Amino acid sequence: LTARVHPGESPASYVLEGLLRFLLREGDPRAAALRERFVFKLVPLLNPDGVYRGHYRADTLGQNLNRCYGHAAAHAHPGCYAVNALVRQLHASGRLRFYVDTHGHATKRGNFLYGNCLDDPAAMVENVLYAQLVAANCRWLDFGGCVFTRSFMSKADKRDGLSREGSARVAIFRRTNLTHVYTLESSYNTGRLVNRLEPLHVPSGQDKRAARD
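Figured I'd write up the structure that's included with this text. Keep in mind that what you see is a predicted model, and the values were worked out from it rather than measured.

Topic: the pattern of salt bridges
Here's step 1: For the structure shown, the criterion picks out eleven salt bridges.
Here's step 2: Two residues, arginine 67 and aspartate 157, come together in a salt bridge whose shortest N-O distance is 3.0 Å. With arginine 67 in the loop between helix H3 (48-52) and helix H4 (78-92) and aspartate 157 in the loop between helix H6 (151-154) and helix H7 (168-176), this residue pair connects regions lying 90 residues apart in the sequence.
Here's step 3: The residue aspartate 142 makes a salt bridge to arginine 192 at a minimum N-O spacing of 2.7 Å. With aspartate 142 in the loop between helix H5 (121-137) and H6 and arginine 192 in the segment after strand S4 (180-187), this pair connects stretches of sequence that are 50 residues apart.
Here's step 4: Residues participating in the shared-partner salt-bridge network are Glu9, Arg57, Arg67, Asp157 and Arg164.

What follows is the structure, encoded as structure tokens:
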């Protein structure tokens, strides 16, 4: 999971901090199950120079780093280059299952996922089903705001004309063919809705009170 490739998108930092606090929560059976089954790699600040200088979208060279993943170079895009190297290593060993790049969104309300359009129908079902499962278990994920279209994988930015082909979501999918590669967007302001959740299921013998939201 990565954050702050766009330095001004501070909601991404809150999301990553919330995830870390959840994963380290003592006594919560959900957090314990995740720690037992998975290794999490968290990159909290992909563009530290841009954050330090107060930039909104670029690094100190004026580059939009979330359009550089397809050709990231060590000297020009060190954060993206390092993430690419880690992705290649984990994928080669068969240990990479999910990749989520967290962002903030200034014009669209709520929390939502951008996913990729997959040629394999069964994989595409799993891809969209993941977003539905998140919405079913999280009050704030707006499934109606999620996008999985092919055109959105190559759409050019209005600001600079750069294609989303160079984003982490698309470039890492092209490199690995993983089903679950997403951009998680979180509004600066508010959401459109709050999901109604079903009663929490906790396995017999575990403390339901510890699995608080």
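From this point, the narrative continues.
Notes on a nonpolar patch on the surface
Here's step 1: A cluster of nonpolar residues, Val125, Leu129 and Leu133, forms a patch on the protein surface that exposes about 270 Å² of accessible area.
Here's step 2: Relative to the helices and strands, leucine 133 resides in helix H5.
Here's step 3: Relative accessible area serves as the criterion here: at 47%, leucine 133 is assigned to the partly exposed category.

What about the state of the cysteines?
Here's step 1: Inspection of the entire model under this criterion finds zero disulfides.
Here's step 2: Not engaged in a disulfide, the cysteine cysteine 80 finds its nearest cysteine sulfur in cysteine 68; these two sulfurs lie 6.0 Å apart.
Here's step 3: For cysteine 80, a relative accessible area of 0% corresponds to the buried category.
Here's step 4: With no disulfide partner, cysteine 146 has as its closest neighbouring cysteine sulfur the one in cysteine 138, 11 Å distant.

Observations concerning the packing of aromatic side chains
Here's step 1: Within this structure, the stated rule accounts for five aromatic pairs.
Here's step 2: Arranged with centres 5.5 Å apart and planes meeting at 55°, the rings of phenylalanine 112 and tyrosine 114 form a pair that is tilted. Per residue, the accessibility class of phenylalanine 112 equals that of tyrosine 114, and both read buried.
Here's step 3: Among the aromatic side chains, those forming a connected cluster through ring pairs are Phe98, Tyr130 and Tyr182.
Here's step 4: The ring of phenylalanine 112 carries lysine 108 above its face, with NZ or CZ at 4.3 Å from the centroid.
Here's step 5: Between arginine 164 and the ring centre of phenylalanine 152, over which it is positioned, the NZ or CZ distance is 4.4 Å.

Describing the layout of surface pockets
Here's step 1: In this structure, the second largest pocket encloses a volume near 540 Å³.
Here's step 2: Lining the second largest pocket we find 23 residues, and of these Arg57, His105, Asp157, Arg159 and Arg164 sit closest to its centre.
Here's step 3: Looking at the lining of the second largest pocket, the elements with two or more residues in it are strand S2 (98-105) and S4.
Here's step 4: Examining the composition of the lining of the second largest pocket, we find that three residues originate from one element, S2, more than from any other.
Here's step 5: Classifying every residue of the lining of the second largest pocket gives five nonpolar, eight polar and ten charged.

Reading the values: the criteria
- Residues numbered from 1 in each chain as written.
- Predicted model: local features only at pLDDT ≥ 70, side-chain atom pairs only at ≥ 80, totals over all residues.
- Heavy atoms only, no water.
- Salt bridge = Lys/Arg side-chain N within 4 Å of Asp/Glu carboxyl O.
- Helix = DSSP H or I, 4+ residues; strand = E, 2+ residues; numbered from the N terminus.
- Patch = residues over 30% accessible without salt bridge, like charges linked within 9 Å, V, L, I, M, F, W, Y side chains within 5 Å.
- Areas by Shrake-Rupley, 256 points an atom, 1.4 Å probe, with all protein chains shown as cover.
- Buried < 20%, exposed > 50% of the residue type's maximum accessible area, 1.4 Å probe, protein only.
- Disulfide = S-S within 2.5 Å.
- Phe/Tyr/Trp six-rings, centres within 6.5 Å; stacked < 30°, edge-to-face > 60°.
- Lys NZ or Arg CZ within 6 Å of the ring centre and 35° of its normal.
- 1 Å grid on protein atoms, 1.4 Å probe; cavity = no way out; pocket = protein on both sides within 12 Å on 5 of 7 lines; lining within 4 Å.
- Points joined across faces, edges and corners; volume = space filled by probe spheres on them.
- Nonpolar A, V, L, I, M, F, W, Y, C, P; charged D, E, K, R; others polar.

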